[in-house]
Amino acid sequence: MTVEATTERVLRLLALLQRRPSWTAVELAAELRVTDRCVRRDVQRLRALGYPVHAVSGVGGGYQLGAGTRLPPLLLDDEEAIATAVSLRLASGGTVAGAGEAALRALAKLDQVMPARLRAEVRAVHGSTDTLIGPVVEIDAELLVMLARACRDAVRVRFRYTGRDGERERTVEPVRMVTTGRRWYLMAWDVDRDDWRTFRLDRMRAAEATSWRFRTREHPDPVAFVQRSVTEAPYRHLARVRVRAQPDEVRAVVPPQVGRVENDRDGWCVLVVGGDSLEWLAAHVARLSYEVEVLEPPELREAAARLARRLALIADAGGITDRRTARRSGTRPGSTRATRSAAGP
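What you are looking at is a predicted structure, and each value in this text was computed from that prediction instead of being measured.

A. The arrangement of the overall build of the protein chain in detail. Counting secondary structure elements, the protein chain contains 12 helices and 13 strands. Across the 345 residues that make up the protein chain, the buried fraction comes to 35%. When contacts within the protein chain are restricted to residue pairs at least 6 apart in sequence, those whose partners lie at least 24 apart make up 54%.

B. Fine view of the packing of aromatic side chains. Scanning all chains against the criterion turns up 4 aromatic pairs. A ring pair is formed by Phe159 and Phe199, whose centres lie 5.4 Å apart and whose planes are at 80°; its orientation type is edge-to-face. On the criterion of sequence distance, the pair formed by Phe159 in strand 5 (residues 155-163) and Phe199 in strand 8 (residues 195-200) is long-range, its members being 40 residues apart. Like Phe199, Phe159 is buried. Taken together, the ring pairs in this structure connect Phe159, Tyr161 and Phe199 into an aromatic cluster. Over the aromatic face of Trp189 sits the side chain of Arg217, whose NZ or CZ is 4.1 Å from the ring centroid. Across the ring face of Trp268, the terminal group of Arg242 is positioned such that the distance to the ring centre comes to 4.4 Å.

C. Quick look at the nonpolar core. Counting 20 residues, the largest nonpolar core has Leu147, Leu186, Leu201 and Met204 as its most contacted members. Listed by contribution, the elements that provide at least two residues to this core are helix 7 (141-153), strand 5, strand 6 (166-179) and strand 7 (184-190). With 6 residues, the single largest contributor to this core is helix 7. Non-local contacts of Met204, meaning those with residues more than four positions away in its chain, are made with Leu143, Leu147, Phe159, Arg160, Tyr161, Leu186 and Phe199.

D. View of helix 7. The end-to-end C-alpha separation of helix 7 is 18 Å, in line with the 18 Å expected for 13 residues at 1.5 Å each. Leu143, Leu144, Met146, Leu147, Ala150 and Cys151 are the residues of helix 7 that are buried. Along the long axis of helix 7, the arc covered by the buried residues comes to 165°, so they all point the same way. Away from its buried face, by an angle of more than 90 degrees, helix 7 presents the exposed residues Glu142 and Arg152. Buried residues along helix 7 sit against strand 3 (96-97), strand 4 (139-140), strand 5, strand 6, strand 7 and strand 9 (204-213). Its side-chain oxygen at 3.1 Å from the backbone nitrogen of Glu142, Asp140 defines the N-terminal cap of helix 7. Positive backbone phi, approximately 55°, marks Ala154, located one or two places after helix 7.

Quick notes on the rules
Numbers given to residues run from 1 along each chain, matching the order in which its sequence is written. Owing to the predicted nature of the model, reporting of local features is limited to residues with pLDDT of at least 70; listing and counting of side-chain atom pairs is limited to 80 or more, with chain, interface and lining totals taken over all residues. The basis for every side-chain value is the complete set of heavy atoms in the structure, and neither hydrogens nor water enter the calculation. Only DSSP runs of H or I reaching four residues or more are called helices, and only runs of E reaching two or more are called strands; each is numbered from the N terminus. For every residue, the accessible area (1.4 Å probe, protein chains only) is compared with the maximum for its type, and the residue is labelled buried under 20%, exposed over 50%, or partly exposed between those bounds. Any two residues whose heavy atoms approach within 4.5 Å are treated as being in contact. What counts as a ring pair is set by centres within 6.5 Å for rings of Phe, Tyr and Trp (its six-membered ring), and what kind of pair is set by the plane angle: stacked under 30 degrees, edge-to-face over 60, tilted for all other angles. Lysine and arginine charges are scored as sitting over a ring when NZ or CZ, respectively, is within 6 Å of the ring centre and within 35 degrees of the ring normal. Only buried Ala, Val, Leu, Ile, Met, Phe, Trp, Tyr and Cys residues count toward a nonpolar core, and they belong to the same one when joined by side-chain atoms within 4.5 Å. Here the expected length of a helix is defined as 1.5 Å per residue gap, with one fewer gap than residues. Relevant arc is that of directions from the helix axis to the C-beta atoms, nothing else. Definition of a polar contact: a pair of N or O atoms within 3.5 Å, with one able to donate and the other able to accept a hydrogen when the atoms are protein atoms, and with sequence-neighbouring residues admitted only if both atoms are side-chain atoms.

Right, here's the structure in full:
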């Protein structure tokens, strides 16, 4: 048997082991149309390449692909290769420091070994896609990993944190990290304040895991808790507005990092949104294409009235311009000739 045939069979064996948790030697031999002895030799070849293939004895045993001490070569089918390449391209502009460069290196390696037909498809996706990304804050990858381990192992974390009251040392019992796409947050039990708190990772300094283990206590939903903190805590003003629409309809146009949507009754929902400017809040509410009712604060109604007057002035100024243009061209405002004259040839 040629080397090419052996290599192809070993790759097929790897694909089978990746397809389901366990195979018996008889099942693998039948799939590959070889003997049990040949299967054992190919398993040894995979182990030599770095794939940890475990042999489990007893009922329900067989060969299983496990986790090893180093990353072996990856075997991807067409759909997995395309999905990985596109994801790496997106990750190259991410929020984790150093991850963008690593993603580009991985993408270059994948592109080098990818068949020409798949490479063309991936480049077609990249060539026809633009990514709109606002300002992001990069997070150190080591901090991310340390906090993830602390959440997993239930150990306290100590760090210096810059908040609204200046920089202070905090000791917390971390539960979960949440990302909004622009920033990373940690939900944790603040030991000194004896309450749940949200911490921005980019405001942490000198963070370290301690040896103090804790028993995980009941906690609120991390995503909902962080969303509430993000939409309410940092702002001078907090608005509550009833919207005549289903909650999912409003959530489709209001990102979770901007506002929180609560269920109401009779086809209405409540939008909770924070901001440093009442005028900004009024404009944000006005852009919704639904009937709205301001619940609080009452000053938001006054800000909406000021916004309406400014918009009316802008609209009236546009009408004056149309009338002046029409007089110069000798046509009525709004006519086809006046419009063309105002727009140019």
